[in-house]
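One letter stands for each residue in the lines below.
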Amino acid sequence: MKTNNFIYADLSTYTPKETISFYETVFGWKYYQYDDYYTAFIKNTEVTGLYETPDKFKQMRMPHFWMSYIQVDNVAETVEKARELGGIIELQSEIASNTKIALIRDLSGAGFTVYEGDQLTNVRTKNTANTLIWNELHVSDASKAIPFYEGIFDWKIIQKTSGLHAVYNSNNEYIADIVEIDNQYKGSYEYWVCTFGVKDIEITKKLILENGGTQIAVDADRMLFSDHSNEAFFYVKEVF
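Below: a short report on this structure.

Cut-offs and rules
Residues numbered from 1 in each chain as written. Predicted model: local features only at pLDDT ≥ 70, side-chain atom pairs only at ≥ 80, totals over all residues. Heavy atoms only, no water. Pairing = 2+ DSSP bridges. Helix = DSSP H or I, 4+ residues; strand = E, 2+ residues; numbered from the N terminus. Axes fitted to C-alpha atoms, helices over the stretch in contact; angles between N-to-C directions. Phe/Tyr/Trp six-rings, centres within 6.5 Å; stacked < 30°, edge-to-face > 60°. Buried < 20%, exposed > 50% of the residue type's maximum accessible area, 1.4 Å probe, protein only. Lys NZ or Arg CZ within 6 Å of the ring centre and 35° of its normal.

## Some words on the sheet that holds strand E2 (residues 30-34)
- Reading across the sheet, the 8 strands line up as E2-E3-E4-E1-E5-E8-E7-E6 and stay open at both edges, with mixed pairing between neighbours. At either margin of the open sheet sits one strand with a lone partner, and together these are E2 and strand E6 (88-96). Taken pair by pair, the neighbouring strands of this sheet meet at an average axis angle of 25 degrees, ignoring direction.
- Sheet topology places E2 next to strand E3 (residues 37-42); 5 bridges connect them, and they run antiparallel. Residue pairing for E3: Gln33 is matched across the bridge by Tyr38.

Have a look at this one:
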């Protein structure tokens, strides 16, 4: 796995049974349960995960959300850098031998998970249908986010157009975007958003809407939806 790159995504939901049904119908995934965690596959290929939102976060009324995972060499060092730069550490844990994670929030509150280890599958692809193909940060003010992410991940973030910044890793590979969106469209939260590839965006749109999802926005080549919870946002984009 490549250090400081996006490798995985999973979904926190209050309603696992209903949510699993939604995504299996829309993307053709098949979920399998191990303890309290559900892993989705396409045939024998792992594509994403899902878990029920812990009770303490339900009591806080934290929304359903997709979580982006970033591979790092050392979780402890990443956490220390995040603290120094004003980030909040929500969780830090060693989940198995040589496998560590931490949930970090940036200065605006957007959450992401850093992962150290070699057990988690790298599920992000470039153009495979029904898989994770892109990650981007939606914020009100990118100037608050850029120094934080450059400081902890050795990323280089360059403005492409007004309100749009490209994220490059240490190998100068374009890996993500940071997008400024007004709160009247974005809502009050700042968050990382996942994009999933699909073969036919209109067929996928129909499946999403028929199964309780909501269309939020349409871009030039993709659409933003929420699932049946009306809280977990994701993009779909045609891949060829």
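On we go.
## Let's talk about the packing of aromatic side chains
- Scanning the entire structure with this criterion turns up 32 aromatic pairs.
- Ring geometry for Phe112 against Tyr149: centres 5.5 Å apart, planes inclined by 50 degrees, an arrangement best described as tilted. Linking Phe112 in strand E8 (residues 111-116) with Tyr149 in helix H4 (residues 142-153), this pair joins segments that are 37 residues apart in sequence. Take Phe112 and Tyr149: they sit in the same class, and that class is buried.
- Every member of this aromatic cluster is reached through a ring pair, and the members are Phe22, Tyr23, Phe27, Trp29, Tyr31, Trp66, Phe196, Phe225 and Phe234.
- Above the plane of the ring of Tyr14 lies Lys58, whose end atom (NZ or CZ) is 5.8 Å from the centre.

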